[in-house]
Amino acid sequence: TVARQRKTTQSRASWPAETEDISGRLFLEMDVPRQTVYVNEIIPMTIKLYINRLRLRDIEYPKVAHEGFSIGKFDQPRQYKKRDYNDNLFDVIEFNTTLFGTRPGEFVIGPAEQKATRVTRIKRSGYRSMDDFFGDDFFDDFFDRYESHPVELRSKPVTMYVLPFPEEGKPDGFNGTIGDFNFDLKAEPRDVKVGDPITLTMK
């Protein structure tokens with residue numbers, strides 16, 4: 001029986017030493033529904049980027065080390081908001097794909113790694129913000145300058161256990177393919193004369 005546990009790993013970000021600690025406001029999670037699978041069994045994998053009151057740009061797709069596994073391409077990411085247990089509101093960017101083990105054994109998936117650029121606002125010294133007079137953030141944006149800092153995020157890895165196919169109940173002619181499959185064969189036209197072409201379609 002395949003174990004039905006869920007594994008989620010959370011990362012911390014690395015950033016220049018002179019900036020403030022934002023580890024609780026920017027991190028990466030990698031989630032797989034279970035850690036014990038059979039060879040060629042396809043399972044989903046989700047990587048989530050959590051952002052709390054920070055400006056990011058140039059967000060790249062995650063990269064995942066996957067010895068012993070094959071990983072598909074990531075779908076178009078989706079974005080939504082989510083609150084944590086302390087009622088902090090995060091912007092979440094979610095990346096989804098699938099993976100499957102190619103041979104039996106114990107393997108480590110990850111860590112997932114992701115690069116981005118953090119944009120910070122630096123106020124000029126020696127002047128009084130127009131916001132003090134007009135209460136409009138526009139003036140702050142006008143007089144302030146912005147700096148960009150590269151950010152590298154890394155999740156924790158996940159240990160995966162890939163089981164060989166069980167011998168009991170194995171169908172005759174089984175060649176290692178797992179899943180639900182349908183095969184459709186169509187020939188058109190059906191009424192023809194000798195020498196007429198026929199289009200054969202296989203799905």
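Everything here concerns the structure above.
Let me begin by describing the structure that accompanies this report. Since the structure is predicted, the reported quantities are computational estimates derived from the model, not experimental observations. Chains are numbered independently. Their residues run from 1 in the order of the written sequence. Reporting of local features is limited, given that this is a predicted model, to residues whose pLDDT is at least 70; pairs of side-chain atoms are given and counted only at 80 or more, and all residues count toward the totals for whole chains, interfaces and linings. Each side-chain value is derived from all of the structure's non-hydrogen atoms; neither hydrogens nor water enter the calculation.

1. A short note on the packing of aromatic side chains
Here comes step 1: We call Phe, Tyr and Trp rings a pair once their centres come within 6.5 Å, taking the six-membered ring for Trp, and we label the pair stacked below 30 degrees between planes, edge-to-face above 60, and tilted otherwise. Evaluation of the coordinates by the stated rule reveals eight aromatic pairs.
Here comes step 2: Look at Y61 and F74: their rings are 6.4 Å apart centre to centre, the planes differ by 35 degrees, and that puts the pair in the tilted class. Remark: F74 occurs in the loop between β8 (69-71) and β9 (78-83) and Y61 occurs in the loop between β6 (55-57) and β7 (63-66); sequence separation between them is 13 residues.
Here comes step 3: Accessible area is worked out with a 1.4 Å probe on protein chains only. A residue is then buried under 20% of its type maximum, exposed over 50%, and partly exposed in between. Classification of Y61 as partly exposed rests on a relative accessible area of 40%.
Here comes step 4: For the ring pair F165 and F174, a centre distance of 5.1 Å and an interplane angle of 85 degrees mean the geometry is edge-to-face.
Here comes step 5: Aromatic ring contacts, followed pair by pair, group F27, Y50 and F90 into a single cluster. Secondary structure elements are defined from DSSP: runs of H or I of at least 4 residues count as helices, runs of E of at least 2 residues count as strands, and each element is numbered from the N terminus.

2. Looking at the pairing of strand β3 (residues 26-32)
Here comes step 1: Counting buried positions over the seven residues of β3 gives seven, a clear majority of the element.
Here comes step 2: Side-chain alternation along β3 places L26, L28, M30 and V32 on one buried face and F27, E29 and D31 on a second face that is also buried.

3. Regarding the pattern of salt bridges
Here comes step 1: Put simply, a salt bridge is a Lys or Arg side-chain nitrogen that is within 4 Å of an Asp or Glu carboxyl oxygen. If you walk through the whole model with that rule in mind, you get nine salt bridges.
Here comes step 2: D91 is paired through a salt bridge with K81; the nearest N and O atoms lie 2.6 Å apart. You can see D91 sitting in strand β10 (residues 89-101) and its partner K81 sitting in strand β9, a full 10 residues away along the chain.
Here comes step 3: A relative accessible area of 25% places D91 in the partly exposed class.

4. Some words on the nonpolar core
Here comes step 1: Here the nonpolar core consists of buried residues drawn from Ala, Val, Leu, Ile, Met, Phe, Trp, Tyr and Cys, with membership extended through side-chain atoms lying within 4.5 Å. Ranked by internal contacts, the top residues of the largest apolar core, which has 29 residues, are L26 and I47.
Here comes step 2: For this core, the elements supplying multiple residues, two or more each, are β3, β5 (43-51), β10, β11 (105-122), β12 (145-154) and β13 (158-163).
Here comes step 3: Sorting elements by how many residues they give to this core places β5 first, with five residues.

5. What about the side chain of T117?
Here comes step 1: Tracing the sequence through the fold places T117 in strand β11.
Here comes step 2: Any pair of residues with heavy atoms lying within 4.5 Å of one another is described as a contacting pair. With residues up to four places along the chain from it excluded, the contact list for T117 reads R55, L56, R57, D58, S148, H149 and P150.

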